[in-house]
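Here's the letter readout for the chains.
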Amino acid sequence: MALWITDECINCDVCEPECPNQAISMGEEIYEIDAQRCTECVGHFSEPQCVQLCPVSCIPVNPAYVETQEQLRAKYHRLQRAAVPLGAEAGPASDAAADAAPVPAASSLPASA
Ligand code: SF4
Ligand code: SF4
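Residues numbered from 1 in each chain as written. Chains lettered and ligands numbered in written order. Predicted model: local features only at pLDDT ≥ 70, side-chain atom pairs only at ≥ 80, totals over all residues. Heavy atoms only, no water.

A. Up close: the overall build of the chain. A count of helical and extended segments in the chain gives 2 helices and 2 strands. Counting over 113 residues, the chain shows a buried share of 27%. Across the chain, the fraction of contacts at a sequence separation of at least 24, relative to all contacts at a separation of at least 6, is 69%. Accessible surface computed for the chain: about 8300 Å², of which carbon and sulfur atoms make up 54%. (Helix = DSSP H or I, 4+ residues; strand = E, 2+ residues; numbered from the N terminus. Buried < 20%, exposed > 50% of the residue type's maximum accessible area, 1.4 Å probe, protein only. Contact = heavy atoms within 4.5 Å. Areas by Shrake-Rupley, 256 points an atom, 1.4 Å probe, with all protein chains shown as cover.)

Given below as structure tokens:
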């Protein structure tokens, strides 16, 4: 299930920056959770981070969004794919160094008589 924030929220701002899915945002009066983005932290952490941090324990599960672990993990993968910017694949790094001519070792001049 996704989680939701009850009206006991005191707007302490603690949970919002800790959500790995950017599912928490300020609503009209209190913080809200976007159920389409909340995975209960599946894929990131073993426990819901917002629940761990909330000082007033106002983040229960949302009974309107019943999801299995498999569905939460699928949501996690969907969010990860959506987060990858187009053309972000990295090419091989070209090594343009090593232009300098090798420095000859200091030679000892032959002694001439
Ligand atoms: Fe975000 Fe995790 Fe809380 Fe869901 S349970 S709102 S993913 S911190
Ligand atoms: Fe509200 Fe709890 Fe989030 Fe603080 S941690 S903003 S009280 S839901």
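B. Just the site of ligand 1, in detail. Taken together, L3, C19, P20, N21, I24, I33, C38, T39, E40, C41, P48 and C50 make up the full set of residues adjacent to ligand 1. Looking at side-chain class alone, the shell around ligand 1 contains 9 nonpolar, 2 polar and 1 charged residues. (Near = heavy atom within 4 Å. Nonpolar A, V, L, I, M, F, W, Y, C, P; charged D, E, K, R; others polar.)

C. Representation of the pattern of salt bridges. According to the stated counting rule, one finds 1 salt bridge in the structure shown. The shortest N-O distance in the salt bridge between E67 and K75 comes to 3.0 Å. (Salt bridge = Lys/Arg side-chain N within 4 Å of Asp/Glu carboxyl O.)

D. Looking closely at the environment of G43. Secondary-structure assignment places G43 in the loop between β2 (31–33) and α1 (49–53). Once the C-alpha coordinates of G43 and R73 are considered, the two residues, 30 residues apart in sequence, prove to be 6.3 Å apart. Apart from residues lying up to four places away in sequence, G43 is in contact with R73 and Y76.

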